[in-house]
Amino acid sequence: MKLTADTNVLIRAVVADDLEQAALAQQALADAELIAVPVSVFCEFVWVLTRSYKLPTPSIAEAIRRLTRSANVVTHQPAVDAGLAMLEAGGDFADGVIAFEGAWLGADTFVTFDRRAGKLVEELGGAVHLLQC
């Protein structure tokens, strides 16, 4: 089977806080010929592991790397890498993805009200325009 993994399946497989669901999730992932993981799933994955499970950034980044290195997982790896770079720089994974995908779509400037995100995007080599009131 070629499947798209929902965030809750990846969370259960990684965290294993519900043993029955974890076993089902892990088996489904192991049996899959292909696991498509949209970048939005990784954004949710980071949010849930950060907010609900209070996992440290290095653990979250390693979980994403383990998943993306799996032979049967496909994702938009450059966008995931941009999210990881932002996460590991102390920012939000989703902001890194947004800045990357915006540039990939043809934008040349990341526009935000979020000073911290803007600073990190600049530090990672992107052009930023900070909107201020």
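Just above sits the structure.
Predicted model, so just to flag it, every value in this text is computed and none were measured.

Chemist: Could you clarify how one ought to interpret the side chain of Thr 68 in this entry?
Modeler: Turning to its location among the elements, Thr 68 is positioned in helix α4 (residues 57-69). Within polar-contact distance, the side chain of Thr 68 engages the backbone oxygen of Arg 65 at 3.3 Å. Here Thr 68 is in contact with Phe 42, Val 73, Thr 75, Gln 77 and Val 80, once residues within four sequence places are set aside.

Chemist: Which parts of the structure should I look at to understand the packing of helix α1 (residues 7-15) against helix α2 (residues 19-31)?
Modeler: A pair of packed helices can be characterised by two numbers: the angle between their axes and the separation between those axes. Following both chains from N to C, one finds α1 and α2 inclined at 110°, their axes separated by 8 Å at the closest point. In terms of orientation, α1 lies roughly perpendicular with respect to α2. Between α1 and α2, the residues in contact are Val 9, Leu 10, Arg 12 and Ala 13 and Gln 21, Ala 22, Ala 25, Gln 26 and Leu 29, respectively. Partitioned by chemical class, the residues of the contact of α1 with α2 number six nonpolar, two polar and one charged.

Chemist: I would appreciate a short explanation of the pattern of salt bridges in the present structure.
Modeler: Where charged atoms of side chains with opposite charge meet at close range, the side chains can pair. For the coordinates displayed, the defined rule picks out four salt bridges. Between Glu 88 and Arg 65 there is a salt bridge, and its shortest N-O distance comes to 2.8 Å. One end of the pair, Glu 88, is in helix α5 (residues 77-88); the other, Arg 65, is in helix α4, with 23 residues separating them in the sequence. Classification of Arg 65 by relative accessible area gives partly exposed; the value is 26%.

Procedures and definitions
- Residues numbered from 1 in each chain as written.
- Predicted model: local features only at pLDDT ≥ 70, side-chain atom pairs only at ≥ 80, totals over all residues.
- Heavy atoms only, no water.
- Helix = DSSP H or I, 4+ residues; strand = E, 2+ residues; numbered from the N terminus.
- Polar contact = N/O pair within 3.5 Å; in protein donor to acceptor, adjacent residues only side chain to side chain.
- Contact = heavy atoms within 4.5 Å.
- Axes fitted to C-alpha atoms, helices over the stretch in contact; angles between N-to-C directions.
- Parallel < 35°, antiparallel > 145°, perpendicular 65-115°, else oblique.
- Nonpolar A, V, L, I, M, F, W, Y, C, P; charged D, E, K, R; others polar.
- Salt bridge = Lys/Arg side-chain N within 4 Å of Asp/Glu carboxyl O.
- Buried < 20%, exposed > 50% of the residue type's maximum accessible area, 1.4 Å probe, protein only.

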